[in-house]
Amino acid sequence: MTQDELKQKVAEAALEYVKGYSILGIGTGSTTRLFINCLADIKNNIEGTVSSSNASTEQLKKLGIPVLELNDVGTLDVYVDGADEINPQKQLIKGGGAALTREKIIAGASRKFICIADDTKYVDVLGKFPLPVEVIPMARSFVARELVKLGGQPVWRENCVTDNGGQILDVWNLSILNPLETEQVINNIPGVITVGIFAMRPADVVLLGGADGVRRIN
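So, a few notes on the structure that sits alongside this text. (Residues numbered from 1 in each chain as written. Predicted model: local features only at pLDDT ≥ 70, side-chain atom pairs only at ≥ 80, totals over all residues. Heavy atoms only, no water.)

Structural notes on the pairing of strand β3 (residues 76–81)
What counts is decided by this rule: Buried means the residue's accessible area, taken with a 1.4 Å probe over protein chains only, is under 20% of the maximum for its type, while exposed means over 50%, and partly exposed covers the values in between. A run of H or I in DSSP becomes a helix once it reaches four residues, and a run of E becomes a strand once it reaches two; helices and strands are each numbered from the N terminus. Pairing between strands is defined by DSSP: at least two bridges between the two strands are required.
Of all six residues making up β3, five are buried, and the element is well covered by its neighbours. Relative to strand β6 (residues 110–118), β3 runs parallel, the two being bridged by five bridges. Bridge assignment links valine 80 to a residue of β6, and that residue is isoleucine 114.

Listed below in C-alpha cells is the structure:
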C-alpha cells in the first residue's frame, strides 16, 4: 500500500471524529487535503470551517464549504490536521507546509485536536524531520545564530513567505528530548513568530494509517 493510500485511509477515518460538529478547524498539508475532499460528502452538515492556510481556504471554498474567521467563531470543538513527526506523547513537529503559526493558533483555540498521518510519521524522539521556525524577516540571521547555540543547524527556506509574511528556518540535527522545554526556549528568542513544536498543545487523538488499517493513539 502506497503512502498516499495510507493517508487516504486515515483521512476517511477522521470523518467519524467530526460528526455532530457544525464548525470545524481545518489544518494544512497533504493528508489534510485528502480530509478536506472527504468533507464534500458531508458538507450539508457543516455550517463553517476555520482554516489554517490560504491553500486550505481555497480548497474548502472550491468545494462550497464556508470559511469563517476565528475571531468571529471563538472556541472550536474540533480541529483536524496532520503532522511531520509524532511521538508517543502525541507531541508533534509541524510546519513543513509553512502554516505552523496559524495551525498552532487554531489548535490552541480547539477543545479537541485530531492529528491524522501515515505511520511513517511516528517516531520515538522528535527531531529527525528538520524543525521549522517562523521568524520576522529582519530577525532571520539573529535567530539562526541563536539556534546554532542550541545545537541545531538552521537553513533558510528560500523563496518561502508564509501567509503571515514571515520566513522559515528549518533546523536540522536537533534531538528534541524535552519537547516542552525546547518549544518554550525557542519561542522566547526575539524575532521568532513561532516554532513548529506542538508540545504545550499536543494532539488529543492521533490516527495513524498503516498496512493493517488505522491505529488510534489516545
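Observations regarding the sheet that holds strand β10 (residues 192–195)
As a reminder, the rule being used: Helix axes use the C-alpha atoms of the stretch in contact, all axes being lines fitted to C-alpha atoms, and the angles between their N-to-C directions lie in the range 0 to 180 degrees. Here, residues are in contact when the closest pair of their heavy atoms is within 4.5 Å.
Taken in spatial order, the four strands make up an open sheet running β8-β9-β7-β10, and their pairing is antiparallel. Where the open sheet ends on each side, the last strands, each with one partner, are β8 (153–156) and β10. Taken pair by pair, the neighbouring strands of this sheet meet at an average axis angle of 30°, ignoring direction. Strand direction decides the pairing type here: β8 and strand β9 (residues 167–172), joined by four bridges, are antiparallel. By the bridge assignment for β9, valine 155 is matched with aspartate 170. Contacting β7 (131–135), β9 and β10, helix α5 (residues 100–108) crosses the sheet at an angle of about 65° to β10. Helix-sheet contacts for helix α7 (residues 179–187) involve β7 and β10, and the interaxial angle to β10 is about 170°.

Thoughts on helix α2 (residues 30–39)
Spelled out, the test is: The arc in question is the one traced by the directions running from the helix axis out to the C-beta atoms.
Within α2 the residues assigned to the buried category are Thr31, Thr32, Phe35, Ile36, Cys38 and Leu39. Projection of α2 onto a plane perpendicular to its axis shows the buried side chains occupying an angular sector of 155°, all on one side. Close packing links the buried residues of α2 with α1 (3–13), β1 (23–26), α3 (54–62), β3 and β6.

Focus: the pattern of salt bridges
Put simply, the test is: By definition here, a salt bridge exists when the distance from a side-chain nitrogen of Lys or Arg to a carboxyl oxygen of Asp or Glu is within 4 Å.
Evaluation of the coordinates by the stated rule reveals ten salt bridges. Between glutamate 58 and lysine 62 there is a salt bridge, with the nearest N and O atoms lying 3.4 Å from each other. Taken together, the positions of glutamate 58 and lysine 62, both in helix α3 and four residues apart, correspond to about one turn of that helix. The exposure class of lysine 62 is exposed, given its relative accessible area of 67%. Note that aspartate 118 is salt-bridged to lysine 121, the shortest N-O span being 3.9 Å. With relative accessibility at 0%, the residue aspartate 118 sits in the buried group. What emerges from the salt-bridge pattern is a single network uniting Asp81, Lys94 and Glu103.

A word on the packing of α1 against α2
Between two packed helices, the angle of one axis relative to the other and the distance separating the axes together describe the packing. Rules: Just so you know how the angles are binned, under 35 degrees is roughly parallel, over 145 roughly antiparallel, 65 to 115 roughly perpendicular, and the rest oblique. What makes a crossing left-handed is the near helix being turned counterclockwise from the far one by less than a right angle; a clockwise turn instead makes it right-handed. Polar here means any residue outside two lists: the nonpolar Ala, Val, Leu, Ile, Met, Phe, Trp, Tyr, Cys and Pro, and the charged Asp, Glu, Lys and Arg; Gly therefore counts as polar.
Running from N to C, α1 and α2 cross one another at 50°; their axes reach a closest spacing of 8 Å. In terms of orientation, α1 lies oblique with respect to α2. The handedness of the crossing between α1 and α2 comes out as right-handed. Between α1 and α2, the residues in contact are Asp4, Lys7, Gln8, Val10, Ala11 and Glu12 and Ser30, Thr31, Leu34, Phe35 and Cys38, respectively. For the contact of α1 with α2, the class distribution of residues is five nonpolar, three polar and three charged.

Thoughts on the packing of α2 against α3
One can describe the packing of α2 onto α3 by two numbers: an axis separation of 10 Å at closest approach and a directional angle of 20°. Looking at the two axes, α2 sits roughly parallel to α3. Of the two elements, α2 crosses α3, and the hand of that crossing is right-handed. Every residue of α3 that contacts α2 at Arg33, Ile36, Asn37 and Leu39 is listed here: Ser56, Gln59 and Leu60.

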